Amino acid sequence: MTAVDDDLTYPPPLQVASWRREVHSLYAAVRAERDPAAAHALWVEGRTELFETHPASPRRPGQRMRHAAYDPSFRFTVPVVPAELDGWKFTTGTDGVVPFSGIGTVALGDLGEVAVWWLDSYGGGVFLPLRDGSAGSETYGAGRYVLDTVKGSDLGRDGDAWVVDLNFAYNPSCVYDYRWVCPLAPPANRIASATPVGELLPEGYDA
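Here goes a summary of the coordinates provided.

What counts as what
- Residues numbered from 1 in each chain as written.
- Predicted model: local features only at pLDDT ≥ 70, side-chain atom pairs only at ≥ 80, totals over all residues.
- Heavy atoms only, no water.
- Helix = DSSP H or I, 4+ residues; strand = E, 2+ residues; numbered from the N terminus.
- Rg over C-alpha atoms; globule rule 2.2 N^0.38 Å.
- Buried < 20%, exposed > 50% of the residue type's maximum accessible area, 1.4 Å probe, protein only.
- Contact = heavy atoms within 4.5 Å.
- Core = buried A, V, L, I, M, F, W, Y, C linked by side-chain atoms within 4.5 Å.
- Pairing = 2+ DSSP bridges.
- Salt bridge = Lys/Arg side-chain N within 4 Å of Asp/Glu carboxyl O.
- Axes fitted to C-alpha atoms, helices over the stretch in contact; angles between N-to-C directions.
- Parallel < 35°, antiparallel > 145°, perpendicular 65-115°, else oblique.
- Left-handed = near helix turned anticlockwise from the far one by under 90°.
- Nonpolar A, V, L, I, M, F, W, Y, C, P; charged D, E, K, R; others polar.
- Phe/Tyr/Trp six-rings, centres within 6.5 Å; stacked < 30°, edge-to-face > 60°.
- Lys NZ or Arg CZ within 6 Å of the ring centre and 35° of its normal.

1. Overview of the overall build of the protein
Right, so step 1: Counting secondary structure elements, the protein contains three helices and 11 strands.
Right, so step 2: Put simply, the protein runs from its N terminus to its C terminus through helices and strands in the order β-α-α-β-β-β-β-β-β-β-β-β-α-β.
Right, so step 3: At 16 Å, the protein has a C-alpha radius of gyration in line with the 17 Å of a compact globule built from 207 residues.
Right, so step 4: Each principal axis of the C-alpha distribution contributes one length, and for the protein these read about 45 × 35 × 30 Å.
Right, so step 5: In the protein, which comprises 207 residues, the proportion classed as buried is 49%.
Right, so step 6: In the protein, the share of contacts with a sequence separation of at least 24, taken over all contacts with a separation of at least 6, comes to 65%.

2. Some thoughts on the nonpolar core
Here is a general trend for soluble globular proteins: nonpolar side chains tend to be buried in one another's company.
Right, so step 1: Within the largest apolar cluster, 51 residues are counted, with the highest numbers of intra-cluster contacts made by F100, L108, L128, V146, L155, V164 and L166.
Right, so step 2: Look past the residues within four positions of V164 in its chain and what remains in contact with it is F74, R75, F76, V78, L108, L128 and V146.

3. What about the pairing of strand β2 (residues 75-79)?
Right, so step 1: Every second residue of β2 is oriented toward a common face, the buried set being F76 and V78 and the non-buried set R75, T77 and P79.
Right, so step 2: Relative to strand β10 (residues 161-165), β2 runs antiparallel, the two sharing five bridges. Bridge assignment links V78 to a residue of β10, and that residue is W162.

4. Quick notes on the pattern of salt bridges
Right, so step 1: Applying the stated criterion to the full structure yields six salt bridges.
Right, so step 2: Here R47 and E199 are joined by a salt bridge, their closest N and O atoms 2.7 Å apart. With a gap of 152 residues between them, R47 in helix α2 (residues 36-53) and E199 in the segment after β11 (180-181) connect regions that are remote in the sequence. Assigned by exposure class, R47 and E199 land together as buried.
Right, so step 3: D177 is the salt-bridge partner of R60, the closest N and O atoms lying 3.7 Å from each other. Highlighted residues: R60 in the loop between α2 and β2 and D177 in the loop between α3 (173-176) and β11, separated in sequence by 117 residues.
Right, so step 4: R60 gets classed as partly exposed once you look at its relative accessible area, which sits at 24%.
Right, so step 5: By relative accessible area, which is 3% here, D177 ends up buried.

5. Concerning the sheet that holds strand β9 (residues 157-158)
Right, so step 1: If you walk across this open sheet you meet the three strands as β2-β10-β9, and the pairing is antiparallel. The strands lining the two open edges of the sheet, one partner per strand, are β2 and β9.
Right, so step 2: Across two bridges, β9 lies against β10 in antiparallel orientation. Each bridged residue has a counterpart across the sheet, and for R157 the counterpart in β10 is W162.

6. Regarding the packing of helix α1 (residues 13-32) against α2
Right, so step 1: For the pair α1 and α2, the least separation of the axes is 9 Å and the interaxial angle reads 165°. Between α1 and α2, the crossing angle belongs to the class labelled roughly antiparallel. Considering the relative orientation of α1 and α2, their crossing is right-handed. Contacts between α1 and α2 pair W19, E22, V23, L26, Y27, A29 and V30 from the former with A39, L42, W43, G46, R47, L50 and F51 from the latter.
Right, so step 2: Its residues assigned to classes, the contact of α1 with α2 shows 11 nonpolar, one polar and two charged.

7. Quick notes on the packing of aromatic side chains
Right, so step 1: Tallying each qualifying case throughout the model produces seven aromatic pairs.
Right, so step 2: Considering the side-chain rings of F51 and Y176, the 4.6 Å spacing of their centres and the 55° angle between planes classify their relative orientation as tilted. Placement of F51 in helix α2 and of Y176 in helix α3 is noted, with a sequence separation of 125 residues between them. Exposure class is identical for F51 and Y176. Each is buried.
Right, so step 3: Between F127 and Y145, the aromatic rings sit 4.9 Å apart at their centres with planes inclined by 80°, giving edge-to-face as the arrangement. Here Y145 lies in strand β8 (residues 144-148) and F127 lies in strand β7 (residues 126-130), a separation of 18 residues in the sequence. As far as burial versus exposure is concerned, F127 and Y145 are alike and both buried.
Right, so step 4: Grouping aromatic residues by their ring pairs yields a cluster made of W88, F100, W117, F127, Y145 and Y170.
Right, so step 5: One residue, R157, lies across the ring of W162, its end atom 4.4 Å from the ring centre.

If you want it as structure tokens, here you go:
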């Protein structure tokens, strides 16, 4: 994600490093918790605390996070099936063009299949955004993130199968501060069914 407004003061590098370290630590604790509902409660508590107190938070005055209750029917442990996917690029104001190449797809039960992407630049990372039928009403209209391993958002694996738990879908920073620009869900990551779980539109949201 990148800032697009001169009025936005980007947090100092060490604050950003601290934020990312905390996110990595939070997801490590989530993966270590065997009970998915307890892991979700831990995640909600941790994300909320970071959002409200960390100096690198994208929070703006009057905003508070909202999360739906945990629903185990939206948790999937599924293999990534190789698939031919056209890559796509995201153009930023500060980082230039950020390319994504396809890894494959995951099947989310009756919800359908969505694509899994590789951040095809320095460091790399697995990226799984999602835009569902709740977008624009209960959740952000352009979609949320489920996995973004370069930032630490990794729910774990069981052998070759990946944990794709939509209860952990979260808003990119641009939801909280419109001056940020974030890569959002491409067509292969959009589903018609509503998945009103995970992080919802925040209190104080200003479209």
